Number of protein chains: 2
Amino acid sequence: MKILVAEEAGFCFGVKRALKLINEYHRQGKKIQTYGPLIHNIPVLNDLAAKGIEHISAVDKISKNKTLCIRTHGIPRDIEHRLRRKGIATLDATCPLVKKGQKIIEALDKANSRILIVGDKHHPEIIAARSYAKKVRIINSLAAARALSRCREISVVAQTTLNTEFFKEVVAILLDKTEKLHVFNTICQATRDRQEAVKKLAPTVDAIIVVGSKISSNTKKLYNIARGKNKNSLQIETCADLQNKATLAKLKKFNSIGISAGASTSPQELNNVKNFLQKL
Amino acid sequence: MKILVAEEAGFCFGVKRALKLINEYHRQGKKIQTYGPLIHNIPVLNDLAAKGIEHISAVDKISKNKTLCIRTHGIPRDIEHRLRRKGIATLDATCPLVKKGQKIIEALDKANSRILIVGDKHHPEIIAARSYAKKVRIINSLAAARALSRCREISVVAQTTLNTEFFKEVVAILLDKTEKLHVFNTICQATRDRQEAVKKLAPTVDAIIVVGSKISSNTKKLYNIARGKNKNSLQIETCADLQNKATLAKLKKFNSIGISAGASTSPQELNNVKNFLQKL
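Residues numbered from 1 in each chain as written. Chains lettered and ligands numbered in written order. Predicted model: local features only at pLDDT ≥ 70, side-chain atom pairs only at ≥ 80, totals over all residues. Heavy atoms only, no water.

## Quick look at the relation of the copies chain A and chain B
Rule in force here: All copies are superposed by least squares; the fitting set is the C-alpha atoms of residues with a pLDDT of at least 70 in both. Here a residue-residue contact requires only that any non-hydrogen atoms of the pair lie within 4.5 Å.
Its rotation angle being 180°, the transformation that places chain A on chain B also includes 0.0 Å of axial translation and leaves an RMSD of 0.0 Å. Both copies of the chain, as the preceding transformation shows, are related through a two-fold rotation axis. Minimal C-alpha distance to the rotation axis in chain A is attained by A:His182, lying at 2.2 Å. A share of 100% of the interface residues of chain A reappears at the interface of chain B, consistent with the copies meeting face to face through the same patch.

## Observations regarding the sheet that holds strand β11 (residues 233–236) of chain B
All names here are of chain B. Stated precisely, the cut-off is as follows: Strands were regarded as paired on the criterion that DSSP finds at least two bridges between them. For the purposes of this entry, the term helix denotes a DSSP run of H or I that reaches at least four residues, the term strand denotes a run of E that reaches at least two, and both are numbered from the N terminus. An axis is simply a line fitted to the C-alpha atoms; with a helix, the fit covers only the stretch in contact. Between two such axes, the angle follows the N-to-C directions and lies from 0 to 180 degrees.
Spatial ordering of the open sheet is given by β1-β12-β10-β11, a layout of four strands whose pairing is parallel. The open sheet has two edge strands, β1 (2–5) and β11, and neither has a second partner. Across the sheet, the mean angle from the axis of one strand to that of its neighbour is 20°, orientation sign disregarded. Across five bridges, the pairing between strand β10 (residues 207–211) and strand β12 (residues 256–261) is parallel. When the bridges of β12 are listed, isoleucine 209 appears paired with isoleucine 259.

## Examining the interface of chain A and chain B
Counted only if it meets this: As used here, buried area is the combined drop in accessible area, with a 1.4 Å probe, of two parts when they are placed together. A side-chain nitrogen of Lys or Arg and a carboxyl oxygen of Asp or Glu constitute a salt bridge if their distance falls within 4 Å. Pairs of N or O atoms are called polar contacts if they sit within 3.5 Å, as long as, within protein, a hydrogen donor faces a hydrogen acceptor (for residues adjacent in sequence, only side-chain-to-side-chain pairs). Gly is placed with the polar residues, together with every amino acid not listed as nonpolar (Ala, Val, Leu, Ile, Met, Phe, Trp, Tyr, Cys and Pro) or charged (Asp, Glu, Lys and Arg).
At the interface, 17 residues of chain A touch 17 residues of chain B. If you sort the residues of chain A by the area they bury against chain B, A:Lys168, A:Leu175 and A:Glu179 come out on top, with a joint share of 36%. With a closest N to O distance of 2.4 Å, A:Glu179 and B:Lys100 form a salt bridge. If you look at where chain A meets chain B, you find 12 residue pairs in polar contact (both at pLDDT 80 or more). Counting only elements with at least two residues in the side of chain A that touches chain B, the list comes to α7 (164–174) and β9 (180–184) of chain A. Broken down by element, the residue count for the side of chain A that touches chain B peaks at five residues, all from β9(A). For the side of chain A that touches chain B, the residue count by class is seven nonpolar, three polar and seven charged.

## Some points on the packing of helix α8 (residues 189–201) of chain B against helix α9 (residues 217–229) of chain B
All names here are of chain B. Basically, it comes down to this: Oblique is the label for any angle not covered by the other classes, which are roughly parallel (under 35 degrees), roughly antiparallel (over 145) and roughly perpendicular (65 to 115). Helix crossings fall into two classes, left-handed where the near helix is turned counterclockwise from the far one by less than a right angle and right-handed where it is turned clockwise.
Between α8 and α9, the shortest axis-to-axis distance is 9 Å and the interhelical angle comes to 25°. Of the possible angle classes, the one that applies to α8 and α9 is roughly parallel. Seen from above, α8 lies across α9 with right-handed handedness. For the pair α8 and α9, the contacting residues are Arg194, Gln195, Val198 and Lys199 in the first and Lys221, Leu222, Ile225, Ala226 and Lys229 in the second. Residues that form the contact of α8 with α9 fall into these classes: four nonpolar, one polar and four charged.

## Some remarks on the nonpolar core
Note the threshold: What we call a nonpolar core is a set of buried Ala, Val, Leu, Ile, Met, Phe, Trp, Tyr and Cys residues that are connected through their side-chain atoms within 4.5 Å. Partly exposed residues are those whose accessible area sits between 20% and 50% of the maximum for their type, while under 20% is buried and over 50% is exposed, using a 1.4 Å probe and protein chains only.
In this structure, A:Phe167, A:Leu181, A:Val183, B:Phe167, B:Leu181 and B:Val183 are the most contacted members of the largest nonpolar core, which totals 39 residues. Among residues more than four places away in sequence, those in contact with A:Val183 are A:Val156, A:Phe167, A:Val171, B:Leu175, B:Glu179, B:Lys180, B:Leu181 and B:Val183.

## Looking at the pattern of salt bridges
A side chain with one charge can pair with a side chain of the opposite charge if their charged atoms come near. In this structure the tally under the stated criterion is 18 salt bridges over all chains. Note that A:Lys200 and A:Glu7 form a salt bridge whose closest N and O atoms lie 2.9 Å from each other. Linking A:Lys200 in helix α8 (residues 189–201) with A:Glu7 in the loop between β1 (2–5) and α1 (13–27), this pair joins segments that are 193 residues apart in sequence. Taking relative accessible area as the criterion, A:Lys200 reaches 53% and is therefore assigned exposed. For A:Glu7, a relative accessible area of 64% puts it in the exposed group. B:Lys168 serves as the salt-bridge partner of A:Asp176, at 2.7 Å between the closest nitrogen and oxygen. Note that A:Asp176 is positioned in the loop between α7 and β9 and B:Lys168 in helix α7 (residues 164–174), a pairing that runs across two chains.

## Considerations on the side chain of B:Glu125
Residues and elements named next belong to chain B. Threshold: Residues counted as positive are Lys and Arg, residues counted as negative are Asp and Glu, and His and the chain ends are not counted.
Mapped onto the elements, glutamate 125 comes out in helix α5 (residues 124–130). Salt bridges are absent for the buried glutamate 125, whose nearest opposite-charge side chain, lysine 221, sits at 7.7 Å. In this structure, glutamate 125 is in contact with His73, Val98, Ala158, Gln159, Thr160 and Thr161, ignoring residues within four places of it in sequence.

## Focus: unusual backbone geometry
We note that A:Asn112 has phi near 60°; this positive angle belongs to a residue other than glycine. Considering the arrangement of structural elements, one finds A:Asn112 in the loop between α4 (96–110) and β6 (115–118).

## Focus: the sheet that holds strand β12 (residues 256–261) of chain A
All names here are of chain A. Strand order in this open sheet of four strands is β1-β12-β10-β11, and the pairing throughout is parallel. Either end of the sheet is taken by a strand with one partner, and the two such strands are β1 and β11 (233–236). Between one strand and the next, the sheet's axes are offset by a mean angle of 20°, whatever the strand orientation. Sheet contacts for helix α9 (residues 217–229): β10 (207–211), β11 and β12; angle to β11, the most-contacted strand, approximately 165°.

## Regarding the domain arrangement of chain A
Residue and element names in this part refer to chain A. Put simply, the rule reads: An automatic or database domain assignment supplies the start and end points of every domain.
Considered domain by domain, chain A is made up of domain 1 (2–10 + 190–278), domain 2 (13–94) and domain 3 (97–187). When each unit is reduced to the centre of its C-alpha atoms, the spacing between domain 2 and domain 3 is 27 Å. Roughly 920 Å² is buried in total at the junction of domain 2 and domain 3, and carbon and sulfur atoms are behind 58% of that figure. Among the residues domain 2 hides against domain 3, the three largest losses belong to His73, Arg77 and Thr94. Together they make up 53% of the total.

## As for the environment of A:Asn272
Mapped onto the elements of the fold, A:Asn272 is located in helix α11 (residues 267–278). With 107 residues separating them in the primary sequence, A:Asn272 and A:Glu165 have C-alpha atoms 31 Å apart.

## With respect to the state of the cysteines
Using the following cut-off: Note on terminology: disulfide denotes any pair of cysteine sulfur atoms within 2.5 Å.
Taken as a whole and assessed by the stated rule, the structure comprises zero disulfides over all chains. Considering cysteine sulfurs only, A:Cys12 is the nearest to A:Cys188, which forms no disulfide, with 6.0 Å between them. Between B:Cys69, a free cysteine, and B:Cys95, which holds the nearest cysteine sulfur, the sulfur-to-sulfur gap is 13 Å.

## Here we look at α7(A)
Residue and element names in this part refer to chain A. With nine of 11 residues buried, α7 lies mostly within the body of the structure. For α7, the complete set of buried residues consists of Thr164, Phe166, Phe167, Lys168, Val170, Val171, Ala172, Ile173 and Leu174. Sitting at the amino-terminal end of α7 is asparagine 163, which places a side-chain oxygen 2.9 Å from the backbone nitrogen of glutamate 165.

## Quick look at the packing of aromatic side chains
The geometry of two aromatic rings is summed up by the distance between their centres and the angle between their planes. To keep it simple, the criterion reads: Each Phe, Tyr or Trp ring (for Trp, its six-membered ring) is paired with any other whose centre lies within 6.5 Å, and the angle between the two planes then decides the class: stacked below 30 degrees, edge-to-face above 60, tilted in between. Only when the NZ of Lys or the CZ of Arg is both within 6 Å of the ring centre and within 35 degrees of the ring normal is a charge said to sit over the ring.
Across all of its chains, the model carries zero aromatic pairs over all chains by this definition. The ring of A:Tyr25 has A:Lys30 sitting right over it, with the charged end atom 4.7 Å from the ring centre.

## Remarks on α9(A)
Count 3.6 residues to each turn of an α-helix, and residues three or four apart come out pointing the same way. Residue and element names in this part refer to chain A. Our working rule: Here a helix's expected span is defined as the number of its residues, less one, multiplied by 1.5 Å.
The end-to-end C-alpha distance of α9 is 19 Å, a good match for the 18 Å that 13 residues give at a rise of 1.5 Å each. Those residues of α9 lying buried are Ser217, Asn218, Thr219, Lys221, Leu222, Tyr223, Ile225 and Ala226. Lining the buried residues of α9 we find α8, β10, β11 and β12.

If you want it as structure tokens, here you go:
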């Protein structure tokens, strides 16, 4: 069987940076906990937990003797202010590209622009990002974009892990809503590269496996893109998800399988899947 | 035969305004000439010529004893300055929406933004508009948009009579070229309304006739939209273009014919076509 890994797949710059920061901190023997899961990948979070690096979900759960690591997706501005007021030591692992989006929203808010964020309002990146403006509207469907009223000016920002084609469709709709549209294409290069790579790979193979957590937004989008190009698309978290009879029987029938992986999927996991498939 | 006129067709606000201005001036017994054809419609220009209102093509052809009417499409900034320096009396019939585009370009130029205009570089509106910035690039094809290099920030303005779908396609391409895209949707409402109306009407009739001059940019776009929806599409300048045997024989076979007309097509001409078809 031919196994082809997408040209761009797995850990992105922001994830690598966050893991490097937190692991170095841990190696120096310092106590650390994270505000929310550091990244959206269960095996990686399990590795951190094994080192004693756990995540908390509220400010009142912070251990006074530990440094608090701010997750890659960022945290809401008011929480950051509360941490500062409480004098809690922090290690900021917010992805610099996520931070950039926050700064854009903050500047737009000062300029009193009507701000839209295209993304998922339940995603931590967006929960954090929206806190940087007094008023902001989250758009997560073409229908929601179409339902917007016309206005003089609109500024629009994207979730860093958004599907680029979806963003373009929303922008086209927004063009009918205003005469002055400021588009901040904050979809990160890693997202775009991974999406382009899976779009290219999926139609050339018999089946495609996307490795990444069910809770990973960018992995889900990679899977959706793959499925649009290849009906034999599968999203798995780890190699273990392949080890059932029905799946194995199906996989063995293919002559070629492509692999893609979300930005929070470790190179180890990606390799595990690759090695597993090669032995089929 | 059923004759259906598109919901929006013919003279737009800017054309009506320009004709009102120049005709009132003429009625007051004042001598006037226009800088370039006032609008892009031969029968209307012939009417003006019959009243002694001719157009000139260069500043040195201006009659000192006449007021100079600035055409709906506007004139380049340096020519306007030359006229002012020469002390020539002017009547500004520039469409206010065209003027608005010029002011946007002027402001962007002051802000040192990279300016793109989507439109036809040979069209008088664009020749005038581009003069409002030191440096501007005209984009008239998807290939030209794709060929642009990436840069930090782009501001984009549209010809008022542009095809809205084409503009959206260009904007989608530009989103891959920059992280900060400012879109000024300067396509005028009349253009959008006429395009929407012909898009709606064309598939519901056996044939569609678009009335307007061959030199009219917006008429040409209406015709292209009609042709995309109905293979029996025809662009004519006046009723006379229908009066040949082959065309008449063809038209008589249809049970329903739609009519659309460019923004510079007079209601009289539109009615002439309607009456002519009704008598077939």
